[in-house]
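An overview of the molecular structure
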Amino acid sequence: MDTIASLFSFITTPVSWVIVQFHAVYGKIFGPDTGWAWGLSIVSLVILIRICLIPLFVKQIKATRAMQTLQPEMKKIQERYKNDKQRQSEEMMKMYKEAGTNPLSSCLPILAQSPFFFALYHVLNGIATGKTIGVIDDPLLASARKAHIFGAPLAAKFTDSADKVAQLGATLTDVRVVTAIMIVLMSASQFYTQRQLMTKNVDTTVKTPFMQQQKMLMYVFPVMFAVFGINFPVGVLVYWLTTNVWTMGQQMYVIHNNPTPGSKAQAAYLERLTKHVTHHGKTRKRGEKAIVKAIVAKGRDRNEFERKFINSLTKAGLAAQADGAVMKSEGTAVVETEDGTPTTATAGGAPKRQQPKRQSKSQRQAGAAKAAGESEPKTSLTKSDEPEDAKPAPKQAGGGNKPGTGTRSKAQSGQRKGPQRPKSPSKK
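Residues numbered from 1 in each chain as written. Predicted model: local features only at pLDDT ≥ 70, side-chain atom pairs only at ≥ 80, totals over all residues. Heavy atoms only, no water.

- An unreviewed UniProt entry lists the protein under the name Membrane protein insertase YidC, from Streptomyces sp. R41.
- Annotation of the protein in UniProt includes, under Subunit (unreviewed entry), the sentence "Interacts with the Sec translocase complex via SecD. Specifically interacts with transmembrane segments of nascent integral membrane proteins during membrane integration."
- The annotation that UniProt attaches to the protein under Sequence similarities (unreviewed entry) is "Belongs to the OXA1/ALB3/YidC family. Type 1 subfamily." (UniProt positions renumbered as here; feature names shortened; annotations may be inferred.)

Here's the deal with the overall build of the protein
- When you go through the protein residue by residue, the secondary structure sums to 15 helices and seven strands.
- Of the contacts made within the protein by residues no fewer than 6 positions apart, 62% connect residues no fewer than 24 positions apart.
- Carbon together with sulfur atoms contributes 58% to the accessible area of the protein, which is approximately 27200 Å² in total. (Helix = DSSP H or I, 4+ residues; strand = E, 2+ residues; numbered from the N terminus. Contact = heavy atoms within 4.5 Å. Areas by Shrake-Rupley, 256 points an atom, 1.4 Å probe, with all protein chains shown as cover.)

Quick look at the packing of aromatic side chains
- According to the stated counting rule, one finds five aromatic pairs in the structure shown.
- Considering the side-chain rings of Phe 22 and Tyr 26, the 6.5 Å spacing of their centres and the 25° angle between planes classify their relative orientation as stacked. Of this pair, Phe 22 and Tyr 26 both sit in helix α2 (residues 12–30), four residues apart, which is roughly one turn of that helix.
- By relative accessible area, which is 24% here, Phe 22 ends up partly exposed.
- When the ring of Phe 191 is compared with that of Tyr 219, the centres are 5.8 Å apart and the planes differ by 55°; the resulting orientation is tilted. Taken together, the residues span a long stretch of sequence, with Phe 191 in helix α9 (residues 172–200) and Tyr 219 in helix α10 (residues 209–229) at a distance of 28 residues.
- On the accessibility criterion, Phe 191 (29% relative accessible area) is partly exposed.
- If you follow Arg 176 out to its NZ or CZ, it ends over the ring of Phe 158, 5.4 Å from the centre. (Phe/Tyr/Trp six-rings, centres within 6.5 Å; stacked < 30°, edge-to-face > 60°. Buried < 20%, exposed > 50% of the residue type's maximum accessible area, 1.4 Å probe, protein only. Lys NZ or Arg CZ within 6 Å of the ring centre and 35° of its normal.)

Things to note about helix α13 (residues 286–298)
- Taking 1.5 Å of rise per residue, the 13 residues of α13 would be expected to cover 18 Å, and the 19 Å separating its terminal C-alpha atoms lies within 8% of that figure.
- Every buried residue of α13 is accounted for by Glu 288, Ile 291, Val 292 and Ile 295. Looking down the long axis of α13, one finds its buried residues gathered within 95° of arc, a one-sided arrangement. Among the exposed residues of α13, those pointing more than 90 degrees away from its buried face are Arg 286 and Ala 297.
- Structurally, α13 contributes buried residues whose contacts are with α12 (264–280), α14 (304–315) and β3 (318–320).
- Remark: Gly 299 follows α13 within two positions and exhibits a positive phi of approximately 65°. (Expected span 1.5 Å × (residues − 1). Arc of directions from axis to C-beta.)

Observations regarding the packing of α13 against α14
- Close contact between α13 and α14 brings their axes to 11 Å; oriented N to C, the two are set at 105°. Taken together, the axes of α13 and α14 lie roughly perpendicular to each other. Here Val 292, Ile 295 and Lys 298 of α13 come into contact with α14, specifically with Glu 306, Phe 309 and Ile 310.
- Its residues assigned to classes, the contact of α13 with α14 shows four nonpolar, no polar and two charged. (Axes fitted to C-alpha atoms, helices over the stretch in contact; angles between N-to-C directions. Parallel < 35°, antiparallel > 145°, perpendicular 65-115°, else oblique. Nonpolar A, V, L, I, M, F, W, Y, C, P; charged D, E, K, R; others polar.)

Structure representation (structure tokens):
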């Protein structure tokens with residue numbers, strides 16, 4: 001561990017200088033040799049580092065969400081080129097480039113903190129061994145060795161012997177109780193941070209290997225902290241516990257205000273946003289406008305929570321605009337059902353499906369007759385308008401009609417219509 005820490009000795013001087021500056025401030029309040037002065041100096045160092053890493057944290061969030069959306073495509077590439085690892089790697093890199101993301105982006109905050117972590121360890125190890133390091137001279141070294149946090153020296157470890165702990169002016173029991181409590185808190189905070197990420201801020205509509213990896217890390221990281229924590233000085237445990245608490249609070253803020261699409265956190269956020277917007281009639285914060293703008297831009301690709309949000313606004317007589325603003329709407333508007341089917345709804349009312357009214361049989365017949373009448377011109381013949389050749393001819397004596405009148409002769413009773421076939425003579 002000392003060999004690894006020595007590799008980051010180039011940053012030891014800046015880290016020790018920052019600690020000394022904070023110690024000068026807190027020393028005037030709590031006393032220069034107290035654990036509060038030195039402990040709060042370490043906590044302030046963590047806060048300063050994490051504030052500087054906020055841009056990387058934002059990039060980490062975007063990279064993590066992009067990786068979640070790319071998991072189905074990654075699985076297809078792995079199955080398609082499972083026998084050609086080189087082609088598989090090329091297709092993966094091509095996909096990352098097109099999506100504008102990288103798997104290492106999600107690890108940037110941890111990687112960026114590593115130099116500060118090892119530099120702090122190197123500083124505290126120098127305090128434990130009585131060596132000056134960085135800008136910490138002999139008076140500051142003596143003051144740091146006297147500092148105790150709840151009875152445990154800053155440079156003491158869980159694995160230290162009783163003699164070494166006695167040289168720092170403490171008892172082995174105090175050191176082990178304090179370090180054990182800090183290790184448990186450190187592991188618990190890491191577990192809770194990972195758990196709230198998995199249970200609240202993961203898209204539940206997509207099942208990918210990435211989710212399984214995150215679930216595994218939820219149990220692996222706390223075990224790692226517990227194993228390595230017994231070899232960390234108390235000051236390093238203060239550093240790591242503080243950064244875990246910061247990460248947990250930062251993630252809670254992100255989940256509450258900018259959740260992952262399709263997650264339970266998004267459903268809760270959009271429900272709160274619906275109440276807020278319908279109460280005030282508009283979006284008032286920049287973050288709210290950004291969320292509404294992103295939902296409007298998705299169109300038919302919205303998930304069920306986003307469709308419910310848009311429909312709730314429509315029922316309340318509001319309409320989401322492309323720039324993220326919300327305005328009052330009049331008349332009817334189009335809403336979407338759970339399966340994405342568009343229907344119409346009256347502003348302020350429930351959605352209504354447009355269905356034709358059922359007609360009776362007489363209405364249908366009248367409509368058909370009317371349609372036929374419009375398609376063909378009507379011709380009405382009165383009795384006086386009938387043509388002469390259409391009038392029945394006068395009857396002749398004997399009940400026959402004159403030939404050549406153009407009318408069909410009536411068949412006599414008992415005879416078939418049409419020309420009669422002559423009877424053939426009987427063969428006797």
